[in-house]
Every structure is written in C-alpha cells, then in structure tokens.
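Below, each chain spelled out in residue letters.
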Amino acid sequence: MSDWLGEHYTLVIVAAGAGLLGVVSGAVGSFAVLRKQSLLGDAISHAALPGIVLAFYLTRSKAPIVLLLGAAGAGWAATLAVLAIVRASRIKYDSALGLTLSVFFGWGLLLLTYVQNPRNVPEASKAGLNTFLFGQAATLLESDVLVMAGLGTAALLLMLLFWKEFKLLSFDPEFGAALGFPIRGLEVLLTSLVVMAIVIGLQAVGVVLMSALVIAPAVAARQWTDRLGRMVLLAALFGAGATVSGAVLSSLSPRLSTGPTTTLCASALVLASLLGAPSRGLVWRRLRQWRQRRQLREARHACLAD
Amino acid sequence: MNAAPTPAIEVTDLTVAYDERPVLWDIDWTVPQGVLAAVVGPNGGGKTTLLKAVLGLVRPAAGQALVLGRPYREQRRLVGYVPQRRTVDWDFPTNVLDVVLMGCYGRLGWIRRPGKAEHAQALAALDKVGMVHLARRQISQLSGGQRQRVFLARALVEDAQVYLMDEPFQGVDATTERAIIEVLRDLRAAGRTVVVVHHDLQTVPEYFDWVTLLNVQLMANGPVADVFTEENLRRTYGGRHGLLPIAGSAAGGWPGKP
C-alpha cells in the first residue's frame, strides 16, 4: 500500500487537489447559479490574473497563499467595480460585468508579459505564472493542496452554517430584508465564498475557464433534483468528477492544460443532464409530449367512430 | 383623544422618490387596529412603495412610519408581509412546506434551523389556506392561485399583529379568492390588522371596512362607508375608474355580488 502511494504520490496529490476544488466550486456555485449570477464568477476569475501577477511582482514569492491573496483581492476589486458601475451610471449589469472582466484581464495579460521578460524580473521564468492562464493540475504541490484544503473547508463550513440565510437570500431577498436579515451583508458573504471557490481553482484550472466549474456542475445538478440540498450535494459530486477526470486526462499529455480538459468533462455532464435527466431532461419531455399527443388522437378517433 | 388605542400604522410626512421623481408625496396615513383595509389607486400611484416604506425596504426622502406606535425596526416580529408573487423565481428548487417555513426564519434568528414546532406551525398554516395536501409539492408545479396561498401561509406562520399584503388577489381563481378572503376575515376576527393592496374596486365594499385611496398623494382614507365615494374615486383616478354603476355615495348603493 505504502509502495503504491510512494509510486503514485504526485498523482494522489493532484487528484486530491482537483477533487477538492471541484467539490467547493460545485457546491458554492449552486447558489451563484440560483441567484442568476453565473457570469459574476467569470468576471471574478478573469479579474484574478492581475492580482496574481502583482502579488508575485511585489513579493517575488510564489508561495500559494501570497498568490491566492492577490487573486482574491483583485477578484473582490472587480466585484466592487461592477457594483459601483451599475449604481453610479446607467450601464446595465451585464455590460458592467463585460467591461470589468475585459479591463482586468487585459491588465493581467499586460503585467504577465512584462513580468515574464527575464530582463525585468529574472526569477519569473521559473515561477510558472503561465499555468494560471489555462491551468496545470500537475504543478500542484502538497503545500498548494494544503492551502486549498484550508480555504475550501472554510468556505464549505460557512455555507453550511448560513444555509438557511443563503436559501432565503437566493429565493426571496425582499422578504428576508423585511424579516430583518442584513441582505447586503449576506450578499457580500456569499460573494466572498464564490471568490474563495474560484481562487483555490486558479492554479489547476486557470483564470480563463474557471467559471465553467462554478456554473456547469450546478446547472447539471439542477436537472436531476427539485431540492436545494440534493442539488448542492450533486453539484459538488459533479464538480469533483469533472476536475478529477480533467486532471487525469491532461496528465496523459505533457503539453495539455487542465482547464480545457476539465471544462470539456463538465460540459459532457451538462449535456448528458440536459438530455437524460428524468423529469426535466429533453428526451423524456419529448417522449411524454409524444405519448400525450397520441392518446389525444386516439381519443378523438374513438369519438368520431361513435 | 388620549384614550384612543395606538393605531396599527401611523405614517407622517412620508415622501419617497425614485430618481428624483416623487412616487409618494407628503403622505399622512393612519390605519386603526383591527380593520381589514384596502389600498387602492391607479398603477404607478405608489401603493407598493407605501407598503415597502412602512417595512423599511425603500428609503424615504422624508417622513417616518410607526407600527403600533414604534418604528418598524423595533416591531418586526409584529408585522407579516406578503410580497407580490411575481417577485420570486418559482422554478427555485424547493417545495411548498419549505417556503412556508421561511415565515419563522425571523423568529429563529441566525443559524438555528426550523424544528418540529415550526413544522407543525407551517402545516397548520397550510391547512388554513387549504393547501396541506400539497405540502411536499415542488413550487414550480403550482398554479398562480396556489402560489398566492403559499405566500399567505408563509405570512400566517409569522403570527403577526399587522399584515401587509401586496396584491394577493391579483390574477387568482375564484376558489383562491374565496379562500384568501376567509383567512383575512379570520385574522380580523382575531383582532389583527390587515392592509391589502387591491385593484378590484367592485369588491372593496364587500371585502373591506377601511379604504385608502392613493395616487402619489393620499386622496382619501377612512371607513369604506364614509370615503369610498364616486367623487373621491374620480379625484384618485382622474375620472376613468371604470366602475359602473355608481349609485349614490354610500357603500349601501353597491350592487351586491352573487
């Protein structure tokens, strides 16, 4: 047993890290999807890039906690920018998201190019900041996974602790406000959980495609159940399934990034759920409609025959 | 005057504006305890905003609202709220019982989850609105009238002294309308105060004993028999209230409903 573990140590670490981030982003993403804020995740993850590069540039350290703090700070700044634009101007929410996403990401790419020039920052070439674009699960070290586990567990615990409040916030925020719950504060807390879920996935999945892991498992899970608890559980399982299989697939070829493989696995889950889920799936709905129409036709024939 | 009991709702000098356009202008509004009150007026006349201002959901430009003599913030547990049902996503993954249980979230406070006592209360409230057999039904499968009754049951679980309801009769079937009005009358019989944003002028004299006519300004407020007159309606709606026939001025002149 220990021989096997020694031999496959890297694979075990990578799979554990990938599975963990899949569970967290699937579970927390369910609330983002139900609140119709799927694209907020996209803005946060793209916006994290300049934060990562700046954190590295300022500290010259690639310790996971430093880079993740940079990512979280930039993700939060982007969220605040979106809210400020919506409140202060006549620009609508979706346009504000698009603007913020592209401006932050543009700055991120610019900074990344600057930092990676060995004449500017000699130690950058070995830091592997490039992997944050499309993700490389194989680069996960034990120390990375430990930080991810700490943050992920905290996010999940907070979600379970405020389960009732988050459900109220997602279903009927106005009623919640009338009951006296600080709805603004709950929104901030839930958004922070989304930021945490995204941040822990950036190294393995990358800023470009990380939002797929927030959205896809939740969308797939919604097809299979009508209960919030089961949906969150199922989304966590789907998320882990997508990340673990994505990490294994990308490890088969040394140049293959983990972001695309993970996203494709998650999309396959969504497609299968959209088509095949029992009551909401397209296949079964079509079949039910066809049966009903046939029954109606037969009933009409029977009437006419009388 | 001092002997008069505290009014259920007392609003003074209330002005609310969205983007500098006043929606409510200098409202002084009082609703006594133990009445079934209708708030009527044209669309955009500020009916919903008036309820939300009392509930602290919109920030007024001026004025204040008291519930049973004190600011709403101190009286939350005494107020029940039924929002318009189209304000929520009915495809949310939850069932009828779960939504009704939300009525006790305020009492439970942070983190605590509903237990046996709360489930019993929720089922009792569902029984009152004739929905107990649908307790486990997914909410997307409900009709409009059933959804309205779920919202009413959720408010009943709040066990409030003053109820504020936004258009509970909007687009519901006749069965639901009868079920709702019966519940409202029970509440009044138990000494509770119920304020309903209403749109069907025909049923005002039959259902309510107090009426508020609102069109940005408060046009009239008082017992239905005194203030629900053709002249007040014309002032409120600008002559196009489409209510025929108007016979005399008092409620007694209304054609009764079959």
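Everything below is about the structure shown above.
### Details of the pattern of salt bridges
- All chains considered together, the criterion is met by 14 salt bridges over all chains.
- Its salt-bridge partner being A:Arg35, residue A:Glu187 comes within 3.0 Å of it at the nearest N-O pair. On the criterion of sequence distance, the pair formed by A:Glu187 in helix α11 (residues 183-199) and A:Arg35 in the loop between α2 (9-34) and α3 (38-59) is long-range, its members being 152 residues apart.
- Take A:Glu187: its relative accessible area is 26%, and that puts it in the partly exposed class.
- Residues joined in a network through salt bridges with shared partners are A:Arg222, A:Asp226, A:Arg280 and B:Asp91.

### Structural notes on empty space enclosed by the protein
All names here are of chain A.
- The tally for this structure, following the rule as stated, stands at 2 cavities of 30 Å³ or more.
- Here the largest cavity defines a volume of roughly 60 Å³.
- Lining the largest cavity we find Ala-32, Arg-35, Gln-37, Leu-40, Gly-41, Leu-190, Thr-191 and Val-194.
- The set of elements that each furnish at least two residues to the lining of the largest cavity consists of α3 and α11.
- With 3 residues, α11 is the single largest residue contributor to the lining of the largest cavity.
- Of the residues in the lining of the largest cavity, the class split is 4 nonpolar, 3 polar and 1 charged.

### Quick notes on a nonpolar patch on the surface
Residues and elements named next belong to chain A.
- A surface patch of nonpolar side chains, amounting to about 740 Å² of accessible area, comprises Leu-271, Leu-274, Leu-275, Leu-282, Val-283, Trp-284, Leu-287 and Trp-290.
- For the nonpolar patch, the elements supplying multiple residues, two or more each, are α15 (258-276) and α16 (282-305).
- No other element matches α16, which puts 5 residues into the nonpolar patch.
- Positionally, Trp-284 belongs in helix α16.

### Side note on the sheet that holds strand β4 (residues 62-67) of chain B
Residue and element names in this part refer to chain B.
- The strand order across the open sheet built from 4 strands is β2-β1-β4-β5, with neighbouring strands paired in antiparallel fashion. Unpaired on one side and paired on the other, β2 (21-31) and β5 (70-71) mark the two borders of the sheet.
- Pairing geometry for β4 and β5, over 2 bridges, is antiparallel. Of the residues in β5, the one forming a bridge with Leu-66 is Pro-71.
- In the packing of helix α1 (residues 47-54) onto the sheet, the strands contacted are β1 (9-18), β2 and β4, and the crossing angle to β1 comes to about 115 degrees.

### Here we look at the sheet that holds strand β10 (residues 217-223) of chain B
Residues and elements named next belong to chain B.
- Pairing is mixed across the open sheet formed by 6 strands, whose spatial order is β6-β7-β8-β3-β9-β10. The two strands at the open ends of the sheet, each matched to only one other strand, are β6 (79-82) and β10. Ignoring strand direction, the axes of neighbouring strands in this sheet form an average angle of 15 degrees.
- Relative to strand β9 (residues 210-215), strand β3 (residues 36-40) runs parallel, the two being bridged by 4 bridges. Following the sheet pairing, Ala-37 is matched in β9 by Trp-210.
- Each of β3, β6, β7 (162-166), β8 (193-197) and β9 is contacted by α1, which is oriented at about 145 degrees to β7, the strand it contacts most.
- Here helix α10 (residues 230-237) sits on the sheet and contacts β3, β9 and β10; the angle it forms with β9, its principal contact strand, is near 30 degrees.

Parameters at a glance
- Residues numbered from 1 in each chain as written.
- Chains lettered and ligands numbered in written order.
- Predicted model: local features only at pLDDT ≥ 70, side-chain atom pairs only at ≥ 80, totals over all residues.
- Heavy atoms only, no water.
- Salt bridge = Lys/Arg side-chain N within 4 Å of Asp/Glu carboxyl O.
- Helix = DSSP H or I, 4+ residues; strand = E, 2+ residues; numbered from the N terminus.
- Buried < 20%, exposed > 50% of the residue type's maximum accessible area, 1.4 Å probe, protein only.
- 1 Å grid on protein atoms, 1.4 Å probe; cavity = no way out; pocket = protein on both sides within 12 Å on 5 of 7 lines; lining within 4 Å.
- Points joined across faces, edges and corners; volume = space filled by probe spheres on them.
- Nonpolar A, V, L, I, M, F, W, Y, C, P; charged D, E, K, R; others polar.
- Patch = residues over 30% accessible without salt bridge, like charges linked within 9 Å, V, L, I, M, F, W, Y side chains within 5 Å.
- Areas by Shrake-Rupley, 256 points an atom, 1.4 Å probe, with all protein chains shown as cover.
- Pairing = 2+ DSSP bridges.
- Contact = heavy atoms within 4.5 Å.
- Axes fitted to C-alpha atoms, helices over the stretch in contact; angles between N-to-C directions.

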